[in-house]
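Read off the chains here:
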Amino acid sequence: MSRIIMNTFALIFLALLGYSCTQSAGDPKEAAGLLTAASKWQIDEIVVNDAVTFKDGKMTQQFGGVNFERYMETVELRSDGTFSGIFKGETKPFVLKWVANEKNITVGSADSGPKPTDWTIDPKDVLKDSFTMKTKSTAYDYPRMTSIALRFKVLK
């Protein structure tokens, strides 16, 4: 009987340990701490209108859909509010700003206030080793609305 109890406790402990290792941020402040703790993030996946268009370092052709030839390969979120990214094939950083608000983190132009096309990072989408930022815009396929999600992982 004690062996069954010990095995049960061991399983519960391992489940809790696994859960705590993959737990997302609880609020924007915690998310900001996780995002700024990593020195750089690398693009892992691009999802356009719920279809994966980039995975494992390769673009996948989506017939009739929006294609991206230009995307940030690496990004950096600094504690001063700077969001710096390097586009594929370029060396000069493209600088934006990030701001934590009550519900999420927004990433947008460094020279203006929030816009409907800004990117958002929800705390639930921020883990210790990855995060996802999302936007919806007509800018990519006017007049149709396009939803885009960029998943980044810690650059090792």
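Residues numbered from 1 in each chain as written. Predicted model: local features only at pLDDT ≥ 70, side-chain atom pairs only at ≥ 80, totals over all residues. Heavy atoms only, no water.

Engineer: Sorry if this is basic, but what is going on with the overall build of the chain here?
Structural biologist: Scanning the chain from terminus to terminus reveals 2 helices and 10 strands. Secondary structure of the chain in N-to-C order comes out as α-α-β-β-β-β-β-β-β-β-β-β. Considering the chain as a whole, with its 156 residues, one finds that 34% of them fall into the buried category. Within the chain, contacts between residues at least 6 apart in sequence are counted, and of these 40% link residues at least 24 apart. Counting only carbon and sulfur atoms, one obtains 57% of the accessible surface of the chain, whose full area is about 10200 Å². (Helix = DSSP H or I, 4+ residues; strand = E, 2+ residues; numbered from the N terminus. Buried < 20%, exposed > 50% of the residue type's maximum accessible area, 1.4 Å probe, protein only. Contact = heavy atoms within 4.5 Å. Areas by Shrake-Rupley, 256 points an atom, 1.4 Å probe, with all protein chains shown as cover.)

Engineer: Whenever I open this one, the environment of Lys103 confuses me. Can you help?
Structural biologist: Assignment of secondary structure puts Lys103 in the loop between strand S6 (94–100) and strand S7 (105–108). Since its relative accessible area comes to 67%, Lys103 is described here as exposed. With 75 residues separating them along the chain, Lys103 and Pro28 place their C-alpha atoms 6.5 Å apart. Each residue touching Lys103, except ones within four places of it in the same chain, is listed here: Pro28 and Pro123.

Engineer: What's the story with the packing of aromatic side chains in this structure? I'm lost.
Structural biologist: Geometry of an aromatic ring pair is reported as the spacing of the ring centres plus the angle between the planes. A complete count under the given rule lists 4 aromatic pairs for this structure. Measuring from ring centre to ring centre gives 5.0 Å for Trp41 and Phe131, while their planes differ by 90°; the resulting arrangement is edge-to-face. Placement of Trp41 in strand S1 (residues 41–48) and of Phe131 in strand S9 (residues 130–137) is noted, with a sequence separation of 90 residues between them. Assigned by exposure class, Trp41 and Phe131 land together as buried. Among the aromatic side chains, those forming a connected cluster through ring pairs are Trp41, Phe131 and Phe152. Over the ring of Phe87 we find Arg70; its NZ or CZ atom is 3.7 Å from the centre of that ring. (Phe/Tyr/Trp six-rings, centres within 6.5 Å; stacked < 30°, edge-to-face > 60°. Lys NZ or Arg CZ within 6 Å of the ring centre and 35° of its normal.)

Engineer: Before we go on, may I ask you to explain the pairing of strand S10 (residues 146–154) in this structure?
Structural biologist: Look at any regular strand and the pattern is simple: side chains alternate between the two faces of the sheet. Bridge analysis of S1 against S10 gives 7 bridges, and the strand direction is antiparallel. In the sheet register, Trp41 faces S10, and the bridge partner there is Val154. Two elements, S9 and S10, share 8 bridges in a ladder whose sense is antiparallel. In the sheet register, Phe131 faces S10, and the bridge partner there is Phe152. (Pairing = 2+ DSSP bridges.)

Engineer: Whenever I open this one, the nonpolar core confuses me. Can you help?
Structural biologist: General note: in soluble globular proteins, nonpolar side chains tend to be found buried as a group. Counting 29 residues, the largest nonpolar core has Leu77, Phe83, Ile121, Phe131 and Met133 as its most contacted members. The element that contributes the greatest number of residues to this core is S1, accounting for 4 residues. Every residue in contact with Ile121, bar those within four places of it in the chain, is listed here: Leu35, Leu77, Asn104, Ile105, Val107, Val126, Phe131, Thr132 and Met133. (Core = buried A, V, L, I, M, F, W, Y, C linked by side-chain atoms within 4.5 Å.)

Engineer: Just checking my understanding: could you explain helix H2 (residues 28–37) for this structure?
Structural biologist: Since one α-helical turn is 3.6 residues long, residues separated by three or four positions face the same way. Of the residues making up H2, those classed as buried are Pro28, Ala31, Ala32 and Leu35. An end-on view of H2 places all buried positions within 100° of arc, on one side of the element. Seen from the open side of H2, the exposed residues pointing more than 90 degrees away from its buried face are Lys29 and Ala37. By the N-cap criterion, in which a side-chain oxygen at the helix start approaches the backbone nitrogen of a residue two or three places on, H2 is capped by Asp27, the distance to Lys29 being 3.1 Å. (Arc of directions from axis to C-beta. Polar contact = N/O pair within 3.5 Å; in protein donor to acceptor, adjacent residues only side chain to side chain.)

Engineer: Mind showing me how you'd approach the pattern of salt bridges here?
Structural biologist: Where charged atoms from two side chains of opposite charge approach closely, those side chains can pair. Under the defined criterion, the tally for this structure stands at 9 salt bridges. Residues Lys134 and Asp125 are paired through a salt bridge, measuring 3.4 Å at the closest nitrogen-oxygen approach. Three or more residues joined by partner-sharing salt bridges are found here, namely Asp44, Glu45, Lys55, Arg151 and Lys153. (Salt bridge = Lys/Arg side-chain N within 4 Å of Asp/Glu carboxyl O.)

The values are spatial; any link to function lies outside them.
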